[in-house]
Amino acid sequence: MFGTATASYQIEGAVHEGGRCPSIWDTFSHTGHTVNGDTGDVATDSYHRYKEDIALLKDLGVDAYRFSIAMPRIVPTEGGPTNEQGLDFYERVVDELLDNGIKPVATLYHWDLPQYLGDKGGWLNRDTPYRVADYTRRVAERLGDRVDTWITLNEPWCSSYLSYGGTEHAPGMGGGPVAFEAVHHLNLAHGLMTETLRDELGERAQIAVTLNLQINRGDADAVHRTDLIGNRVFLDPMLRGYYPDELFAVTKGICDWSFIKDGDLEQIHQPIDMLGINYYSTGLVAMSDRPQFPQSTAASTFPGCSDIDWLPTPGEHTEMGWNIDPDGMYDMLVRVHDNYPEMPLFITENGIACADEMVTEADGTKAVHDDKRIDYLTRHFDAARRAMEVGVDLRGYFVWSLLDNFEWAFGYTKRFGITYVDYETQERVPKDSFKWYRKLIATRELPKL
């Protein structure tokens, strides 16, 4: 299943239209936390231009399109009625996709939590998973007969550690180990959302979750610790029904995990059909001589790892400063397959930010020559193929992203799209990588590297 992907707050705009309420990202972006003070108020205006964007998908030839649904459009008041205008919008998107022969893959939570839930603690509040499950039911009732695959959460690592442990993402709490409570409540939400989808749609529902697993290299002890805190904290409860005892042991100085209640792990451990993995880069870690818990409440995106150093990574890097390491994708796919062999996998995001520039050719046509992106994607698709050749059950690959868009705290300064967007005019110009991917999808052939 070849596809491409986007997220609601990054592309839709129209933040005051259709009955939508503010999200935590509206608040975060309007209070000085983004480059240049950029916000998603307009983004790529896809709320109004979705037909144009789906025409691009049709031209690209994708099997499927991964988009996200914004809870602030569906439940704009706390405990209030469903906003039919919001559901009408996503129904139009889904029907337009189906009319063009494209499977809708809907992510239910891609970080834009309603601000009214943020005001009550967001993912630190145990009630939030239940509110998100209620929203899930409202969407499934309307769209359940047409969505091909449901993804419960996108990258809960980001919406816990970057958002509550650190300050990089909304709400930017910077509470260090408080992130573990957000982790657990996101896990609980996944279980409740999955149960809700099964209850509403039965076995016909194809359900997944998307994780951005942390792939680190270097010192074995540091790699093991960051794997526990970054990866197994999600993988084991979701796929096995427990948290590893080692996790409790290495965090006992900063977290007592008392927020885990009886029955939670059974609730989290729901059968799913596929595991989505987002992959971009790897890290390099080493143990230091610092204490593990120097200040228990300090902001940290890896609480419990204060004695670990993140070292500069060798080789090429992207505009995000991330290293280019296709073997990391191979290693990750093989590792997850070896540890959870029953679980089919798909790449739900992979892509690169480049310093793209639009040019006007001699014949007057506009173009973007992004050879670095083509090279990046070629090498990563090859890594996926190599993983399949050794037995990994890989079902799909979604390139990030269809469009240049609002890149969270980086605003409009980073371009991940295979389609260039002129933010002044909203003109879309397919890049060379778009044409490369179109050929790959049409032929299903990648040259041996």
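This text follows the structure it describes.
All chains use their own residue numbering, which begins from 1 and follows the written sequence. Reporting in this predicted model follows two pLDDT cut-offs: at least 70 for local features of residues, and 80 or more for side-chain atom pairs to be given and counted; totals over whole chains, interfaces and linings ignore these cut-offs and use all residues. To get the side-chain values, all heavy atoms of the structure are used, and hydrogens and water are removed first.

Colleague: How do you make sense of the pairing of strand β1 (residues 2-5) when you look at a structure like this?
Modeller: Looking down a regular strand, the side chains alternate between one sheet face and the other. Under the scheme applied here, a residue whose accessible area is under 20% of the maximum for its type counts as buried, over 50% as exposed, and between as partly exposed, the area being computed with a 1.4 Å probe on protein chains only. Helix and strand assignments follow DSSP, with helices taken as H or I runs no shorter than four residues and strands as E runs no shorter than two, numbered in order from the N terminus. Side chains Phe2 and Thr4 project from β1 onto one buried face, and the interleaved Gly3 and Ala5 project onto a second face that is buried too. Of the strand pairs in this sheet, β1 and strand β13 (residues 394-400) are connected by four bridges, and their pairing is parallel. Across the sheet, residue Phe2 finds its bridge partner in β13, namely Tyr397. Only strands joined by at least two bridges in the DSSP assignment are considered to pair. Looking at chain direction, β1 and strand β2 (residues 64-68) are connected through three bridges and run parallel. Bridge pairing in β2 links Thr4 to Tyr65.

Colleague: Please explain the layout of surface pockets as it appears in this structure.
Modeller: To find leftover empty space, one rolls a probe the size of a water molecule over the atoms. Whether a set of points on the 1 Å grid over the protein atoms alone is a cavity depends on a 1.4 Å probe fitting there but being unable to get out, while an open set qualifies as a pocket with protein on both sides within 12 Å along at least five of seven lines; lining residues are those with an atom within 4 Å of a point. Grid points are joined across faces, edges and corners, and a volume is the space filled by probe spheres set on the points. Quantified by volume, the largest pocket comes out at close to 1,000 Å³. Of all the secondary structure elements, the ones that give two or more residues to the lining of the largest pocket are α8 (156-165) and β8 (283-287). When residues of the lining of the largest pocket are assigned to their parent elements, the largest contribution, three residues, is made by α8. Charged residues are taken to be Asp, Glu, Lys and Arg, nonpolar residues to be Ala, Val, Leu, Ile, Met, Phe, Trp, Tyr, Cys and Pro, and polar residues to be all remaining types, Gly included. Taken together, the residues that form the lining of the largest pocket break down as 19 nonpolar, 15 polar and four charged. In terms of lining residues, the second largest pocket is bounded by 14 residues, among which Phe2, Phe381, Ala384, Arg385 and Met388 are the most central. Partitioning the lining of the second largest pocket into residue classes produces nine nonpolar, one polar and four charged.

Colleague: How should the sheet that holds β2 be read in this particular structure?
Modeller: Strand pairing in a sheet relies on backbone hydrogen bonds. The paired strands run either parallel or antiparallel. In space, the eight strands of this closed barrel follow the order β1-β2-β3-β4-β5-β7-β10-β13, with parallel pairing throughout. Ignoring strand direction, the axes of neighbouring strands in this sheet form an average angle of 25°. As defined by bridge partners, β2 adjoins strand β3 (residues 103-109) across five bridges and the pair is classed as parallel. Bridged to Ser68 within β3 is Thr107. Contacts are assigned to residue pairs with any non-hydrogen atoms lying within 4.5 Å of each other. To obtain an axis, a line is fitted to C-alpha atoms, over the contacting stretch when the element is a helix, and the angle between two such axes runs from 0 to 180 degrees between their N-to-C directions. Of the strands in this sheet, β3, β4 (149-154) and β5 (206-211) are in contact with α8, which crosses β4 at around 15°.

Colleague: Can you help me understand the pattern of salt bridges in this one?
Modeller: Close approach of charged atoms allows side chains with opposite charge to pair. Salt bridges are defined by distance alone: a side-chain nitrogen of Lys or Arg within 4 Å of a carboxyl oxygen of Asp or Glu. Scanning all chains against the criterion turns up 41 salt bridges. Among the ionic pairs, Arg438 bridges to Asp59, the shortest N-O distance being 3.0 Å. Within this pair, whereas Arg438 is found in helix α15 (residues 432-443), its partner Asp59 is found in helix α3 (residues 46-60), the two being separated by 379 residues in sequence. Asp199 serves as the salt-bridge partner of Arg137, at 3.1 Å between the closest nitrogen and oxygen. Within this pair, whereas Arg137 is found in helix α7 (residues 128-143), its partner Asp199 is found in helix α9 (residues 179-201), the two being separated by 62 residues in sequence.

Colleague: Would you mind going over the environment of Gly144 with me for this structure?
Modeller: Mapped onto the fold, Gly144 is located in the loop between α7 and β4. Under the relative-accessibility criterion, Gly144 is labelled buried at 8%. On a C-alpha basis, the gap between Gly144 and Asn36 in space is 40 Å, while along the polypeptide they are 108 residues apart. Other than its neighbours up to four places away in sequence, Gly144 contacts Val139, Trp150, Leu201 and Arg204.

Colleague: It is not clear to me how helix α13 (residues 326-339) should be interpreted in this structure. Could you clarify?
Modeller: Think of an α-helix as turning once every 3.6 residues; residues three or four places apart then point the same way. The span you would expect from a helix comes to 1.5 Å times its residue count less one. Here α13 spans 20 Å end to end across 14 residues, near enough to the 20 Å set by a 1.5 Å rise per residue. Listed as buried for α13 are Pro326, Gly328, Met329, Met332, Leu333, Val334, Val336 and His337. Against the buried residues of α13 lie β6 (216-218), β7 (274-278), β10 (345-349), α14 (371-389) and β13.

Colleague: Would you mind going over the packing of aromatic side chains with me for this structure?
Modeller: When we look at a pair of aromatic rings, we describe it by the centre distance and by the angle of the planes. Side-chain rings of Phe, Tyr and Trp (the six-membered ring for Trp) are treated as a pair once their centres are within 6.5 Å; stacked means planes under 30 degrees apart, edge-to-face means over 60, and tilted covers the remaining angles. Counted under the stated rule, the structure contains 35 aromatic pairs. Measuring from centroid to centroid gives 6.4 Å for Phe2 and Tyr437, while their planes differ by 70°, and the two rings are edge-to-face. Of this pair, Phe2 sits in strand β1 while Tyr437 sits in helix α15, and the two are 435 residues apart along the sequence. Residue Phe2 shares its accessibility class with Tyr437, and that shared class is buried. A centroid spacing of 5.0 Å and a plane angle of 75° characterise the contact between Trp25 and Phe28, whose relative ring orientation is edge-to-face. Placement of the pair is Trp25 and Phe28 together in helix α2 (residues 24-29), with a separation of three residues, close to one helical turn. For the pair shown, Trp25 and Phe28 are each scored as buried. Ring pairing ties together the aromatic residues Trp157, Tyr161, Phe180, Phe234, Tyr243, Phe248, Trp257, Phe259, Phe302 and Trp310, which thus form one cluster. For Arg386, the ring lying beneath its charged end belongs to Tyr330, and the centroid distance is 5.2 Å. Two conditions define a charge located above a ring, namely a distance within 6 Å from the ring centre to NZ of Lys or CZ of Arg, and an angle within 35 degrees of the ring normal.

Function-wise, these values are silent; they only describe arrangement.
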